[in-house]
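Given next are the chains, with one letter for each unit.
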Amino acid sequence: GESVGLHLPTLSVQEGDNSIINCAYSNSASDYFIWYKQESGKGPQFIIDIRSNMDKRQGQRVTVLLNKTVKHLSLQIAATQPGDSAVYFCAENPTGGGNKLTFGTGTQLKVEL
Amino acid sequence: ETGVTQTPRHLVMGMTNKKSLKCEQHLGHNAMYWYKQSAKKPLELMFVYNFKEQTENNSVPSRFSPECPNSSHLFLHLHTLQPEDSALYLCASSPPGQGGAKLFFGSGTQLSVL
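Anyway, here's the lowdown on the structure attached to this text.

What counts, and where the lines are drawn
Residues numbered from 1 in each chain as written. Chains lettered and ligands numbered in written order. Predicted model: local features only at pLDDT ≥ 70, side-chain atom pairs only at ≥ 80, totals over all residues. Heavy atoms only, no water. Pairing = 2+ DSSP bridges. Helix = DSSP H or I, 4+ residues; strand = E, 2+ residues; numbered from the N terminus. Axes fitted to C-alpha atoms, helices over the stretch in contact; angles between N-to-C directions. Disulfide = S-S within 2.5 Å. Buried < 20%, exposed > 50% of the residue type's maximum accessible area, 1.4 Å probe, protein only. Contact = heavy atoms within 4.5 Å. Buried area = accessible area lost by both parts, 1.4 Å probe. Salt bridge = Lys/Arg side-chain N within 4 Å of Asp/Glu carboxyl O. Core = buried A, V, L, I, M, F, W, Y, C linked by side-chain atoms within 4.5 Å.

### Description of the sheet that holds strand β7 (residues 64-70) of chain B
Residues and elements named next belong to chain B. Spatially, four strands are ordered β1-β3-β8-β7 in an open sheet, and the strand pairing comes out antiparallel. Because the sheet does not close on itself, it has two edges, and the strands there are β1 (4-7) and β7. Going across the sheet, the axis of each strand differs from the next one's by a mean of 15°, ignoring polarity. As judged from the five bridges shared by β7 and strand β8 (residues 73-79), these two strands associate in the antiparallel manner. Opposite phenylalanine 64, over in β8, you have leucine 78 as the bridge partner.

### Looking at the state of the cysteines
Evaluated as defined, the whole model comprises two disulfides over all chains. One disulfide bridge connects A:Cys23 with A:Cys90, the sulfur atoms lying 1.8 Å from each other. Classification of the bridge connecting A:Cys23 and A:Cys90 rests on its S-S torsion, roughly 50°, and on that basis the disulfide is right-handed. Separated by 67 residues along the polypeptide, A:Cys23 in strand β3 (residues 19-25) and A:Cys90 in strand β9 (residues 86-94) bring together distant segments of the chain. Taken individually, A:Cys23 and A:Cys90 each receive the classification buried, so the pair is uniform in this respect. Shown here is the disulfide that connects B:Cys23 with B:Cys91, its sulfur atoms set 1.9 Å apart. Where B:Cys23 bonds to B:Cys91 through sulfur, the torsion about that S-S bond is close to -75°, and the disulfide is left-handed.

### Some points on the environment of A:Ile21
Among the secondary structure elements, A:Ile21 is positioned in strand β3. Each residue touching A:Ile21, except ones within four places of it in the same chain, is listed here: A:Leu11, A:Trp35, A:Leu73, A:Ser74, A:Leu75, A:Tyr88 and A:Thr107.

### Concerning the interface of chain A and chain B
Contacts between the two partners involve 20 residues from chain A, matched on the other side by 24 residues from chain B. With both sides pooled, the region where chain A packs onto chain B buries about 1600 Å², and carbon together with sulfur makes up 56% of that total. Our count for the contact surface shared by chain A and chain B stands at one salt bridge. The shortest N-O distance in the salt bridge between A:Lys100 and B:Glu56 comes to 3.3 Å. Put simply, the parts of the chain that give the side of chain A that touches chain B at least two residues each are β4 (30-38), β5 (45-51) and β9 of chain A. Tallying contributions element by element places β4(A) first for the side of chain A that touches chain B, with four residues.

### Points about unusual backbone geometry
Residue B:Pro8 is bonded to the preceding B:Thr7 through a cis peptide linkage, with omega at -10°. Structurally, B:Pro8 can be placed in the loop between β1 and β2 (10-13). Of note in this structure, A:Lys71 is not a glycine but carries a positive phi near 55°. Take A:Lys71: it is sitting in the loop between β7 (62-67) and β8 (72-77). Exposure remark for A:Lys71: the relative accessible area of 27% places this residue in the partly exposed category. The backbone of B:Thr80 shows a phi angle near 50°, a positive value even though the residue is not glycine. Judged by its relative accessible area of 40%, B:Thr80 falls in the partly exposed class.

### Concerning the nonpolar core
Core analysis: the largest hydrophobic core is formed by 22 residues, its most contacted members being B:Trp34, B:Phe64, B:Leu76 and B:Leu78. Those elements giving two or more residues to this core turn out to be β2, β3 (18-25), β4 (31-37), β5 (44-50), β7, β8, β9 (87-94) and β11 (109-113) of chain B. Among the nonpolar cores identified, the runner-up in size contains 20 residues, and A:Val13, A:Ile21, A:Tyr25 and A:Cys90 belong to it.

If you want it as structure tokens, here you go:
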């Protein structure tokens, strides 16, 4: 079946540096992607989304890049802060998949002071 | 706060107990979901309700019984669970239309089955 995966289970960055979290997807029919952030003891929180007709989308300190050629998604966090420490998930919604999302296993982002 | 509230936050139950998880949202969303989150595993979709009708049951054992009395409330009734059912159970909701796949999650119920 289709799957969504993350390249690294843990990413450590220094406070103030930029973070890049990567995600590979295998369903070429996916047309909508979301990044979620999950802090300890909380549910996943929406960060940013992107549709397949776009290559890049920017939010506040975050940017999502979509490369449909290699089926790769990345989340860039600028000037990483201690509050960014969390698990980050990518999720995909295939065309015709209704409102169902397929999630990756997550990347633990650790911000070092 | 995401607007999706789950209770209780923590639950410990024996294998012979019957308990229920509750979820409510007042975001005007028409779809509600139950997900299971186990350590080091992707979120697993359990059930989907659209306009109170169940549209997805992802081969979930019958010891999990969902109920959706209206578009704002969702329950998960639990009975004769197994220790491997211990996990974080997340409720989510989503709006109608093109935004239907953008899920808003509650904080979850951390369930421990003894």
